[in-house]
Amino acid sequence: MSQRITVDPITRIEGHLRIDVEVDGGTVKNSWSSGQMFRGIEEILKGRDPRDAWLFTQRFCGVCTTVHAIASVRAVENALNLEIPINAQYIRNIIVTAHCLHDHIVHFYHLSALDWVDVVSALKADPVKTAALAETLSPWPRNGWREMEKVKARLQGFVAGGQLGIFTNGYWGHPAMKLPPEVNLLAVAHYLQALEYQQKALKVVAVLGSKTPNIQNLAVGGVANPINLDNQTAINMEKLFMMRELLEEVRTFIQQVYLPDVAAIGAMYAPWLGYGAGVTNYLAVPDLPLDTKGTKFDLPGGTIFDGNLAGVKTINSFQDPYFRDNVSESIAHAWYDGDWDKHPWDEDTVPNYTDFDAEKKYSWVKAPRFQGRPMQVGPLAQVLVGYASGHELIKKYADQTLATAGSIAKTKLGPEVLHSTLGRHAARAIRAAVMADLALKHLNLLIENIGKGDVAIFVPPTFPAGEQRGFGFHEAPRGTLSHWVIIRDGKIANYQAVVPSTWNAGPRDEKGQKGPYEASLIGNPIADAEKPLEVLRTVHSFDPCMACAIHTVDVEGNEIARVRTL
Amino acid sequence: MIPAGEEAAAERPPEANVAVLGLGNVLMGDDALGPTVVKVLEAEYEFPPGVSVQDLGTPGLDLTPYLAGLRAAIVVDTVRAGGAPGEVRLYRRDEILKNPPQPRLSPHDPGLKEALLTVEFSGSGPREVLLVGVIPAGVETGVGLSPAVQGAVRSAAAAVVTELARLGVAPSARAVPDPLDLWWERT
């Protein structure tokens, strides 16, 4: 007897995502991913000054603010063929890395750890045993028994006050929860500490961006941060050293807490290294440019098809036609007028809502494709592309994390286990470690370059008459983001953003190929249809953030899952 | 500067811990209410040291760092509640947490309540919280407030000023207001 489960909404943060799964014999047999809100914010950009576009695009989503600002200035610069000063690249790169560190930490500890950690079980933990266990995992100084006792007391107080609302989506006591009480307590302690470290990363964004969450320092042509080592309001030595100190603290947290935690959870939930692979075509774009034009990068980009790492093909520049010419979006199963598959420059966004019909149209999210294939984007895509193309830092942290998890699980784990639900979490932690090193590297590059007397930050753009087409990409925390702009006589004629959650959450295309969320759920076990924790685990592992994928009001029910027997 | 967790209270001078936080998406019609009120307050008032006035957009759970370490938070936002568009509703901390008024209509419902609980769990939550809510007429893609909500901007701003006075940090009105910069309404 099969059952249909509808999970709605599935995101803990912005936006509304509905997932439908068909379950038979305790296993998911079919699935549909549906964005429940209309997206059409790009229409607001038409007719505006391209120099202002980034201010508007960073308001697409309140969580992924900086990433839309970065992609937007890159798109306009690409249209104008404009090279920006190297200081501007470094300053943008430091913002990109710091924002990413904040985002990856928040995602793991505050948005998805509760899928694996049973908070209430932590109340049964022995703080002394917890500290002893922690010592075997990491030299982190804040794992002592006094700290654990304090955390347990705080949790007791919170539960006694009936304030478990914060953990509402955490199905405590669920049969799929497997961690011993001590590991749960350690995770709760790190949940609290992670709040401090994500804020330290955010502080770096604030120093350079002058405000957060919406930064103010970008410009088409560079940045607006004056560099003057003797001036209080400019970028000066005091600010540079403060950023270094903050980034070093965050790096220590990632190396001594985040990576070991993910390795331990991966080892203790080893079966989840076998579920959730789904689409094993991967797409990442290169980022952290090392030159003014965007032809050398510190983060790798490229494509992998059918999980074949040996066949990796790299994307090599901000101008690379391999990326530019191969992206399209299909609306065969999305609520838009028509039935087409178009390049982003040629798209329109005309809503045409019909009811949820799994056979026809069922989502507000379009289905992006690369050479007609669905692609998984996100930290896993970048880690696999880097692993396959011999990226040193990625290889180092990936091998280290797999070795740690393997030693806890008493087995040997290779990169193939990364094609999975927990593999996505591991990849995010690996990427965070890489980013922490690179954040400090780019801060040093900036300091060195200023030391040479170069304080250039901006090249003024000029807009010729006629039409220019540009694209700008950015490897955002949730994966490949691209903005596509057509400028006509100095005004925006068309604008499209193809965002990471669209790549991953998109519906089927005209050939019936499932999107990554949909494909990843097939074969997942479901222990209790009323509490489909396993669905949440797999979907949350992608770090869904639907606000920029789609927009507008939706009526939200209080129930999380509806179950009916087919 | 953004406070960092439990250190926040120590980092700030004792009086420096009141924040006015405008929430909402400026590209979503009436959802621009919070950012608009922030701009009006900035143009018309000077604030004593330790009071920060910020447009935070739609941060969802990323609201947490902006609440950490505060003595008092005044949040301005659209709310889903029974009533006519443009009505101003005030909610105190316990009402927000006990009987959730669905403080967001737009795409980030979990924001305020979850963020408040998170900072409370970390031991750095503000003791005083006031949500100045306005019932929207429409939250759809587009720039500009509806007439009903436009009409509520003044009362919402006044409610913020009253609360600041109650907290002992009343702002002073500028003799000549600064120009109002609603950049998102520029064409």
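Conventions and cut-offs
- Residues numbered from 1 in each chain as written.
- Chains lettered and ligands numbered in written order.
- Predicted model: local features only at pLDDT ≥ 70, side-chain atom pairs only at ≥ 80, totals over all residues.
- Helix = DSSP H or I, 4+ residues; strand = E, 2+ residues; numbered from the N terminus.
- Rg over C-alpha atoms; globule rule 2.2 N^0.38 Å.
- Buried ≥ 20, exposed ≤ 12 C-beta atoms within 10 Å, placed from the backbone.
- Contact = placed C-beta atoms within 7 Å.
- Pairing = 2+ DSSP bridges.
- pLDDT = per-residue confidence, 0-100.
- Expected span 1.5 Å × (residues − 1).
- Arc of directions from axis to C-beta.
- Bend = angle between axes of the 7 residues up to and from the residue.
- Axes fitted to C-alpha atoms, helices over the stretch in contact; angles between N-to-C directions.
- Parallel < 35°, antiparallel > 145°, perpendicular 65-115°, else oblique.
- Nonpolar A, V, L, I, M, F, W, Y, C, P; charged D, E, K, R; others polar.

### Regarding the overall build of chain A
- Tallying secondary structure elements over chain A gives 14 helices and 17 strands in all.
- In terms of overall size, chain A behaves like a compact globule, its C-alpha atoms giving a radius of gyration of 23 Å where 566 residues would be expected to give roughly 24 Å.
- The buried share of chain A, reckoned over its 566 residues, is 59%.
- Restricting to contacts in chain A with at least 6 residues of sequence separation, those with at least 24 account for 76%.

### Description of the overall build of chain B
- Of the regular secondary structure elements, chain B holds seven helices and seven strands.
- Looking at chain B as a whole, 55% of its 187 residues qualify as buried.
- If you take every contact in chain B between residues at least 6 apart in sequence, the share linking residues at least 24 apart comes to 80%.

### Focus: the pairing of strand E2 (residues 17-24) of chain A
Residues and elements named next belong to chain A.
- As paired elements, strand E1 (residues 2-7) and E2 share six bridges and run antiparallel to each other. Bridge pairing links Val-7 to Ile-19 in E2.
- Pairing between E2 and strand E3 (residues 27-35): eight bridges, direction antiparallel. If you follow Glu-22 over to E3, its bridge partner there is Asn-30.
- Between the end of E2 and the start of E3, which pair antiparallel, lie two residues, with Gly-25 showing a positive phi angle near 60°.

### Regarding the confidence of the model for chain A
- In this model, chain A carries a mean pLDDT of 91, and residues with pLDDT of at least 70 account for 93%.
- Taken together, the stretch residues 548-561 of chain A has pLDDT below 50 and engages in 49 contacts with residues farther than four places along the chain or on a different chain.

### Some words on helix H5 (residues 145-160) of chain A
Residue and element names in this part refer to chain A.
- Over its 16 residues, H5 extends 22 Å from the first C-alpha to the last, a length consistent with the 22 Å expected when each residue adds 1.5 Å.
- Listing the buried residues of H5 in full gives Glu-147, Met-148, Val-151, Lys-152 and Leu-155. Buried residues of H5 fall within an arc of 135° about the axis and therefore sit on the same side. The outward face of H5, more than 90 degrees from its buried face, is lined by the exposed residues Arg-146, Ala-153, Gln-156, Gly-157 and Ala-160.
- Those residues of H5 that are buried lie in contact with helix H4 (127-137) and helix H6 (181-209).
- Just downstream of H5 lies Gly-162, where phi reads positive at about 70°.

### Considering unusual backbone geometry
Residues and elements named next belong to chain A.
- The residue after Thr-212, namely Pro-213, is reached through a cis peptide bond having omega -5°.
- Its location among the elements puts Pro-213 in the loop between H6 and strand E4 (218-219).
- We note that Asp-306 has phi near 55°; this positive angle belongs to a residue other than glycine.
- Given 10 C-beta atoms within a 10 Å radius, Asp-306 is considered exposed.
- One non-glycine residue, Asp-489, lies in the positive phi region at around 50°.

### Details of H6(A)
Residues and elements named next belong to chain A.
- Along its 29 residues, H6 runs 42 Å from first to last C-alpha, staying within 8% of the 42 Å computed at 1.5 Å per residue.
- Maximal helix bending in H6 amounts to about 30°, located at Gln-193.
- Along H6, 27 of the 29 residues are buried, which leaves the element largely enclosed by surrounding structure.
- Positive backbone phi, at 65°, marks Ser-210, one or two positions downstream of H6.

### Quick notes on the sheet that holds strand E12 (residues 341-342) of chain A
Residues and elements named next belong to chain A.
- Pairing is antiparallel across the open sheet formed by three strands, whose spatial order is E12-E11-E13. The strands lining the two open edges of the sheet, one partner per strand, are E12 and strand E13 (367-370).
- Sheet analysis places strand E11 (residues 327-330) next to E13, joined by four bridges and oriented antiparallel. Considered in E13, the bridge of Ser-328 is made with Arg-369.

### Considering the packing of helix H9 (residues 379-388) of chain A against helix H11 (residues 421-451) of chain A
All names here are of chain A.
- H11 packs onto H9 with a crossing angle of 70° between their chain directions and a minimal axis gap of 8 Å. Regarding the angle of H9 to H11, the classification is roughly perpendicular. Between H9 and H11, the contacting residues are Pro-379, Leu-380, Gln-382 and Val-383 on the first element and Gly-423, Arg-424, Ala-427, Arg-428, Ile-430 and Arg-431 on the second.
- Grouping the amino acids of the contact of H9 with H11 by side-chain chemistry returns five nonpolar, two polar and three charged.

### Some thoughts on the sheet that holds strand E4 (residues 72-78) of chain B
Residue and element names in this part refer to chain B.
- Across the sheet, five strands lie side by side as E3-E1-E4-E6-E5; this open sheet has mixed pairing. For this open sheet the edge positions go to strand E3 (51-57) and strand E5 (88-92), each flanked by a neighbour on one side alone. On average, each strand axis in the sheet is inclined to that of its neighbour by 15°, with strand direction left out of account.
- Across the face of the sheet, helix H2 (residues 33-44) comes into contact with strand E1 (18-23), E3, E4 and strand E6 (128-134) while running at roughly 130° to E1.
- Contacting E1, E3, E4, E5 and E6, helix H7 (residues 153-166) runs over the sheet at an angle of about 170° to E6.

### Here's the deal with the environment of A:Pro226
- Turning to its location among the elements, A:Pro226 is positioned in the loop between strand E5 (222-223) and helix H7 (237-268).
- Sequence separation of A:Pro226 and A:Thr480 is 254 residues, and the distance between their C-alpha atoms is 30 Å.

### Comments concerning the packing of H9(A) against helix H10 (residues 392-409) of chain A
Residue and element names in this part refer to chain A.
- Two elements in contact, H9 and H10, have axes separated by 8 Å at closest approach and are oriented at 110°. Regarding the angle of H9 to H10, the classification is roughly perpendicular. Mapping the contact onto sequence places Val-383, Gly-386 and Tyr-387 in H9 and Ile-394, Lys-395 and Ala-398 in H10.
- In terms of residue class, the contact of H9 with H10 is built from four nonpolar, one polar and one charged.

### Some words on the environment of A:Ala358
- Within the fold, A:Ala358 resides in the loop between E12 and E13.
- Taking the C-alpha atoms as reference points, A:Ala358 and A:Asp20, separated by 338 residues in sequence, lie 9.3 Å from one another.

### Observations concerning the environment of A:Ala98
Residues and elements named next belong to chain A.
- Mapped onto the fold, Ala-98 is located in helix H3 (residues 86-112).
- The spacing of Ala-98 and Gln-58 is 40 residues in sequence and 16 Å in space, taken between C-alpha atoms.
- Not counting residues up to four positions away in its chain, the partners in contact with Ala-98 are Ala-201, Val-204, Val-205 and Ala-439.

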